[in-house]
Amino acid sequence: MALIAQGPERRHPQRRSLPNRRERDTDERHAASPRRVRRRRPRRGWIGHNRLVGTRLLLVRHGHSRAEEDGIVGGHAGCRGLSARGRLQVQSLARRLDSAGVTALVGAVYASVLPRAIETAEILTPTRGPVTDCALCEIHEPTRDGQPRVPSNLRTVEDFSRSSSPRAESYAAFFERAARRLSQIAESHPDTTVLVATHAGVIQAAMTIFGGLSAGQGFQLAIDHASITELVHDPPTTSPFSWGLVRFNDATHLDASLGPGPVL
Ligand SMILES: [Zn+2]
């Protein structure tokens, strides 16, 4: 799937200046031509159009991490950055974004405070440091942080509203926290391409909350390391949709040695 470099800014209809005489004459000649086919401009939030307009949010899951390699939970204490394989995955994405002209369009870069996300952002945009934000972290579970990974204890929908310990977030609270921060970021960068280096849980939160679902309901999502999920945010003015989904878990830049399997 080609990652297309969209124009850096859209032109708001109300900001357009009136046409001068030469432009009016040109428009009239074109209007008089029977062969002229007038192109429609995409309307704000028009989901039927394949290019949505608004703030473009590129959510990138970090590359494979040393904590995963060691089988421990990589929270604030346990995260020790990317593994060698993880760096190769992110470098592959960096080459793709760069060659598609997307890196040059990025107007803001964010990452969680965890080293694997910060490293991911730094590889993707080496000329600028990311704004780091704890609200973009995976679920906060301090008692499990740095401990051996164990299988998930989520069994029922109700489990998503329960915390694993008094200081831990529930998944429902985690999803709300992550989605709220992503909304704030989108609203503070209108009509900008924003790159967010983050975690599978944050991307799941975005898909759940912005998709109008509840934690523990809807799809369980497969989100690969160094994959891109692209959302577009546009305040609902002429459309009921404030979020659009352009791509999900796009990891076509990873070959079989770096990704989950052969790329289709
Ligand atoms: Zn945090």
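Residues numbered from 1 in each chain as written. Predicted model: local features only at pLDDT ≥ 70, side-chain atom pairs only at ≥ 80, totals over all residues.

Requested: an account of the overall build of the protein chain, with residues and values cited.
If you tally the helices and strands in the protein chain, you get six helices and six strands. In sequence order, the protein chain lays out its α and β elements as α-β-α-α-β-α-β-α-β-α-β-β. (Helix = DSSP H or I, 4+ residues; strand = E, 2+ residues; numbered from the N terminus.)

Describe unusual backbone geometry, with residues and values.
A positive phi angle, close to 60 degrees, is found at alanine 226, a residue other than glycine. With respect to the helices and strands, the residue alanine 226 is situated in the loop between helix H6 (200-210) and strand S5 (228-233). We note that asparagine 249 has phi near 50 degrees; this positive angle belongs to a residue other than glycine. Position of asparagine 249 relative to the elements: it lies in strand S6 (residues 243-250). Looking at asparagine 249, the number of C-beta atoms within 10 Å reads 17, which means it is partly exposed. (Buried ≥ 20, exposed ≤ 12 C-beta atoms within 10 Å, placed from the backbone.)

Outline the pairing of strand S1 (residues 55-61), listing residues and values.
With seven of its seven residues buried, S1 lies for the most part within the structure. Side chains Thr55, Leu57, Leu59 and Arg61 project from S1 onto one buried face, and the interleaved Arg56, Leu58 and Val60 project onto a second face that is buried too. Pairing between S1 and strand S4 (residues 193-198): six bridges, direction parallel. Bridging from a neighbouring strand, leucine 59 pairs with valine 196 of S4. (Pairing = 2+ DSSP bridges.)

Give a detailed account of the environment of alanine 121, specifying residues and quantitative values.
With respect to the secondary-structure elements, alanine 121 resides in helix H4 (residues 115-124). C-beta crowding within 10 Å serves as the criterion here: with 25 such atoms nearby, alanine 121 is assigned to the buried category. Between the C-alpha atoms of alanine 121 and valine 109, which are 12 residues apart in sequence, the distance is 7.3 Å. If near-sequence neighbours (up to four positions away) are discounted, alanine 121 is found in contact with Val109, Ala111, Pro130, Leu195 and Ala197. (Contact = placed C-beta atoms within 7 Å.)

Lay out the environment of valine 73 with the relevant residues and their values.
Tracing the chain through its elements places valine 73 in the loop between helix H2 (66-70) and helix H3 (84-99). Residue valine 73 is classed as buried on the basis of its 20 C-beta neighbours within 10 Å. A C-alpha to C-alpha distance of 6.2 Å links valine 73 and proline 148, two positions 75 residues apart in sequence. Those residues in contact with valine 73, other than ones at most four positions away along the chain, are Ala67, Gly78, Arg144, Asp145, Gly146, Gln147 and Arg149.

Any link to function would need more than the numbers given here.
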